[in-house]
Amino acid sequence: MNPMTSLGLRFVRRPGPGGRAANLAAFGATAIVALLITFLIAGTLGLSERNDRIGWRVSDSGDSRTAVGVTRNVEDMVDGKPFQRLDLAINNDQRNAELPAPPGLPHAPRPGEVYVSPALAKLWGRDLSERYKISNPTGTISSDGLSSPDELIAIRGLEPGAPGLQATNRPNHLETWRGTSTDERIAMLLAFVAFGIALVLFPVLSLVGQAAGVAAKRREHRLAALRLAGATRGQVLLLSAVEQAVLGFFGAVAGLVAYTVLSPLIARIPLGGGRWYVHDLTVSWWLALVVLVAVPLLSVLSALIGLGRVSITPLGVVRGQTRKGITPLRLTLLVVGPVMLGVIGSGGALLPLVIGVGFGALAVRVVGPFAVQVIGKILARTAKGPVALLAGRRLVDDPKAAFRPVAALVLSGFVTGFLALFMPYGINGDGKDTAFEFYTTPARTAVVAQDAKDRLAKAGLQGEVTTRNQAVEIVVASNDREGVRTVLYDLVPSKVPLTDAEHDEHQAGIYLDMRLGVALLLGLVFVTGAASTAAGAVGTALDQAGPAKALRRSGVPLSVIERSSRLAAVVPVVGVGLPVVGFGAMCGLLLSGGQVITQGSWGVVLLFGQVVVGLILVAVAGAAGAPVLRKASVG
């Protein structure tokens, strides 16, 4: 075994003074990185698997002359809950016999057959029996043909050319029952995941860097001593790589184990219309391999980048030379993302939008240290006591190290500001819930209105039927909404009697996914921020052990040192984080074309929650770092 490899493994087992706390912090941060990466990749793959099972329902890949069948999606309601009805007709019996059956079904439903999901089967009753003219469902759809165990779907077989499936109705023509088109709701979720990855990417990378550099100062001095003793640059880098790779690997294993344990709970998140099947979120062997390779590799790269100064100038490290200041050229990056988002707008292609959002988040990460440096200079010049003076000088001396522990938390401010103005809250709730409305051709308006009156009279219901242009509006004084719907069912072929409010309920699912997605996204960002801030507090305490020890020997009270450390942690969050929230809000506003899409007080609550959670995390992190600083500065 290479001597440096053996020495690196020894340093992991016996890390020395302060090393155990550093290694534990790095291990925990790396485990959270692995957990988040696994969650994002597994969730994306799970959405694709869900779509593979239901994509055929929205496919329109066939030619009307050669299609094996036609389908049409219809919005329906039962027991006050929205569900989808898929009308299906087989056009070519011979070809149908040769093709595999639709996913989750024993065969393509024949005329008069109705297959339902298990969740809809539980709601089956007299109304559905009368609407579909069948006492009980023909069968249930297995999990192979459902997006979710909670999905409400009915697949009804009809004769070719039945009302709603005629050429004038523009049904979907299928060449096969295994089409792979993307469902609208899942397509929206995949787009949201792309935005989410762009927003979460830099906080996660920041956490990776934090995990790798949590004991940077301790490692710098140790490796610099080895350089001065004759070790080559390559040997020093190999030693650091081995140490970080071991920590990264075990952290990745812990993250995968944690995800596997949590996956049943994650599967209960009702995205895309319901809970998940656990097998959709199960980690495959190749995904586990990717995580076990990628996380340690990212950790090693971050560690090597951070140790570049040691490998080149070990004497400068030992002598404690001040790092070179940060130039204002970084400020130019602030204009790239907003300009892209303003030019492209929300109607642009997905990839340019994701790139624009990514540039906005990158600007925060790159400009943050410069802002900390400026704030530190102001704080040091205006200090009226030792606490502010020490905190300000520390920020000026190494703004990158000062910003690194709170980088993920500050980036979460960008995410919050962006979403607070850009993300739609939902439908406005103005839809009428008192009248069923049908749209038909002008020639059939009077016929449909008369048919509605006859049906209501036959059922003994009192109602008002009015017509205007191509619309027929029906108001019935009855509390039995589903019973009235059953009486008026198929009044207009392939159109279910729904009120405006019920139409809104069908569309509300997308907005519910958005709101839940925002909550998940912010949860990921805050978990990342919490881990990064806590790990950073430990790393900062170890970094400041030498100066703190010297200050204590010179008579500075430990309370002053700890207060200055806490102030140096709070200043980047408040001084940089709050402007970043405004920067994120500006990016969201530019993307939306200058219109505040968010409705109600949701955006205000989001912003307020961001500030409160950020301050709490800083306080908790300070509490985590204080014991380490107190112990490391003794002597």
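Residues numbered from 1 in each chain as written. Predicted model: local features only at pLDDT ≥ 70, side-chain atom pairs only at ≥ 80, totals over all residues. Heavy atoms only, no water.

### Brief notes about the overall build of the protein
Using the following cut-off: Helix numbering and strand numbering both begin at the N terminus, where a helix is a DSSP run of H or I of at least 4 residues and a strand a DSSP run of E of at least 2. Three labels apply to residues, based on accessible area from a 1.4 Å probe with only protein chains included: buried if under 20% of the type maximum, exposed if over 50%, partly exposed otherwise in between. Note on contacts: a residue pair qualifies if any of its non-hydrogen atoms lie within 4.5 Å across the two residues. Residue burial considers only the protein chains on display, and all accessible areas are found by Shrake-Rupley using a 1.4 Å probe.
A count of helices and strands for the protein gives 23 helices and 9 strands. Sorting the 635 residues of the protein into buried and exposed places 49% on the buried side. For the protein, contacts bridging at least 24 residues in sequence account for 82% of all contacts bridging at least 6. Here the protein has roughly 28200 Å² of accessible surface; of this, 62% comes from carbon and sulfur atoms.

### As for the pattern of salt bridges
The condition that has to hold: Think of a salt bridge as a Lys or Arg side-chain nitrogen and an Asp or Glu carboxyl oxygen that are within 4 Å of each other.
Going through the model one piece at a time under the given rule, you end up with 18 salt bridges. Between Arg53 and Asp280 there is a salt bridge whose closest N-O contact spans 2.8 Å. In this pair, Arg53 is assigned in helix H2 (residues 19-54) and Asp280 in helix H9 (residues 278-281), connecting sequence segments 227 residues apart. Arg53 gets classed as buried once you look at its relative accessible area, which sits at 9%. Across the salt bridge formed by Asp513 and Arg185, the nearest N and O atoms sit 2.5 Å from each other. In this pair, Asp513 is assigned in helix H20 (residues 500-543) and Arg185 in helix H6 (residues 184-213), connecting sequence segments 328 residues apart. Ionic contacts of the salt-bridge type, sharing partners, join the residues Asp76, Arg131, Arg481, Glu482, Arg485 and Glu502 into one network.

### Side note on the sheet that holds strand S7 (residues 436-439)
Keep this limit in mind: The pairing criterion is simple: DSSP has to find at least two bridges between the two strands. Each axis is a line fitted through C-alpha atoms, taken for helices only over the stretch in contact, and angles between the N-to-C directions span 0 to 180 degrees.
Spatially, S7-S9-S8 is the arrangement adopted by the 3 strands of the open sheet, whose pairing is antiparallel. The sheet terminates laterally at S7 and strand S8 (463-468), the two strands that pair on one side only. Each adjacent strand pair in this sheet contributes to an overall mean axis angle of 15 degrees, direction not counted. Here 4 bridges tie S7 to strand S9 (residues 471-476), and the two strands are oriented antiparallel to one another. Each bridged residue has a counterpart across the sheet, and for Glu437 the counterpart in S9 is Glu473.

### As for helix H22 (residues 558-591)
Which entries qualify depends on this criterion: Multiplying 1.5 Å by the residue count of a helix minus one yields the expected span of that helix. We define the bend at each residue as the angle formed by axes fitted to the 7 residues ending at it and the 7 residues starting at it.
With 34 residues, H22 ought to run about 50 Å at 1.5 Å a step, and its terminal C-alpha atoms sit 49 Å apart, in line with that. A bend of about 35 degrees at Gly577 is the largest found in H22, and the proline Pro579 appears one to four places after it.

### Section: the pairing of strand S1 (residues 69-78)
Within S1, 7 of the 10 residues are buried, which leaves it mostly tucked inside the rest of the structure. Inspection of the sheet shows S1 paired to strand S2 (residues 81-90) by 10 bridges, in the antiparallel sense. Note on S2: the bridge partner recorded for Met77 is Pro82. Turn length for the S1-S2 hairpin, with the two strands adjacent in sequence and antiparallel, is 2 residues, and the turn residue Asp79 shows positive phi of about 55 degrees.

### Remarks on a nonpolar patch on the surface
Rule in force here: Surface patches are defined over residues having more than 30% relative accessible area and no salt bridge, joining like charges when they lie within 9 Å and nonpolar side chains (Val, Leu, Ile, Met, Phe, Trp, Tyr) when within 5 Å.
Where nonpolar side chains cluster on the molecular surface, the patch consists of Phe27, Phe249, Phe250, Val253, Val257, Val261, Leu262 and Leu265 and spans about 700 Å² of accessible area. For the nonpolar patch, the leading source of residues is helix H8 (residues 233-266), giving 7 residues. Summarising the element assignment, Val253 is placed in helix H8.

### Focus: the confidence of the model for the protein
As a reminder of what qualifies: Per-residue confidence from the predictor is given as pLDDT, running between 0 and 100.
Across the protein, the average pLDDT comes to 80, with 80% of residues at 70 or higher. Mean pLDDT values for the elements of the protein range from 49 in helix H12 (residues 314-319) up to 97 in strand S3 (residues 114-116). The low-confidence segment residues 315-322, where pLDDT is below 50, has 13 contacts with residues more than four positions distant or belonging to other chains. Below a pLDDT of 50 lies the segment residues 427-431, which in the model reaches 8 contacts outside its immediate sequence neighbourhood of four places, other chains included.

### Section: the environment of His173
Mapped onto the elements of the fold, His173 is located in strand S6 (residues 172-174). A C-alpha to C-alpha distance of 7.7 Å links His173 and Val68, two positions 105 residues apart in sequence. Apart from residues no more than four positions distant in its own chain, His173 is found in contact with Ser59, Asp60, Ser61, Gly62, Asp63, Ser64, Ala67, Gly69 and Val70.

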